[in-house]
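# Geometric and topological summary
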Amino acid sequence: MAEKRAKIAELDPVWARIMREAEEAVVQEPLLGGLVHYSVLHHTTIEGALAYRISLKLASGEMSEQILREICDEAYASDPELAMAARADIVAVYERDPACHRFLQPLMFFKGFQAVQCYRIANWLYREGRRDLAYLFQMRCSEVFGVDIHPAARIGKGIMIDHAHSIVIGETAVVGDNVSMLHSVTLGGTGKEEEDRHPKIGDGVLIGAGAKVLGNIKVGNCSRVAAGSVVLEEVPPCKTVAGVPARIVGEAGCPQPSITMNQLIRGGA
């Protein structure tokens, strides 16, 4: 067993750490033993654990847990990038969220992480042409987590959505790698146009709570959008914008705002 765990740790350090933390959690809180075993310790891969958690959360009278599990298993087997993105998301949450103390927490308890993984399956279904199933995933994700991400949206890796209540990301939105956003963020359109109509968020961007970015505009790499802002015009890279409507108020203040998570505006930055 020790040799097997050593090989897992070498090949998949994120999953190995989750397994170790799950074992510790069972010792610390035996009442959670069954939940932790079914969610983590009964699985040999992170893909299996993700498929179980997603299917358990999204199951309803309209679609059984078993069918949802088969869909998720198929997606992870078909596209290894889905699980690679999930690993990056777990690390992102752990590194940026001060309330996250273990890799186990996002997988088990954080709806922002879980909602993003549901979106990733929906996006795979959408790209495979199975759009009605993709919309079902979107609907259940919105109902269960309060996070409404269109399955056609394109979202990168290393995503952290803190608290994750009332998140809306539209059909033609693009979100780069290593982006952080807080609750009540909207990446929306400005009317009834049917073409490319949603924001394009660059890498390393931090979007504060309640911010609205509207229209087919670009938010440049490593910029900050202050909480409560309404962004209607393009944001250059490495800037901080704030207000309604949002205006440039200074530099971003650091190379990677999404990682430092510094939302204070001091001295114009």
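What you are looking at is a predicted structure, and each value in this text was computed from that prediction instead of being measured.

### Section: the pattern of salt bridges
For the coordinates displayed, the defined rule picks out 11 salt bridges. Residue Glu21 pairs with Arg17 through a salt bridge whose shortest N-O separation is 2.9 Å. Taken together, the residues span about one helical turn, with Glu21 and Arg17 both in helix α2 (residues 13–28) at a distance of four residues. On the accessibility criterion, Glu21 (6% relative accessible area) is buried. For Glu171, the salt bridge is made with Arg197, and the minimal N-O distance between the two is 2.8 Å. Of this pair, Glu171 sits in the loop between β4 (167–169) and β5 (174–175) while Arg197 is found in the loop between β7 (186–188) and β8 (200–201), placing the two residues 26 residues apart along the sequence. Residue classification places Glu171 among the partly exposed positions, given a relative accessible area of 26%. Residue class for Arg197 comes out buried when judged on its relative accessible area of 16%.

### A closer look at the packing of aromatic side chains
This structure, assessed with the given rule, holds two aromatic pairs. On the numbers, 5.0 Å between centres and 70° between planes, the contact of Tyr94 with Phe103 is edge-to-face. Between Tyr126 and Tyr135 the ring centres are 6.2 Å apart and the planes differ by 75°, which places this aromatic pair in the edge-to-face class. With a relative accessible area of 33%, Tyr135 lands in the partly exposed category. The aromatic ring of Phe103 is capped on one face by Arg17, whose charged end is 4.1 Å from the ring centroid.

The rules behind these values
- Residues numbered from 1 in each chain as written.
- Predicted model: local features only at pLDDT ≥ 70, side-chain atom pairs only at ≥ 80, totals over all residues.
- Heavy atoms only, no water.
- Salt bridge = Lys/Arg side-chain N within 4 Å of Asp/Glu carboxyl O.
- Helix = DSSP H or I, 4+ residues; strand = E, 2+ residues; numbered from the N terminus.
- Buried < 20%, exposed > 50% of the residue type's maximum accessible area, 1.4 Å probe, protein only.
- Phe/Tyr/Trp six-rings, centres within 6.5 Å; stacked < 30°, edge-to-face > 60°.
- Lys NZ or Arg CZ within 6 Å of the ring centre and 35° of its normal.

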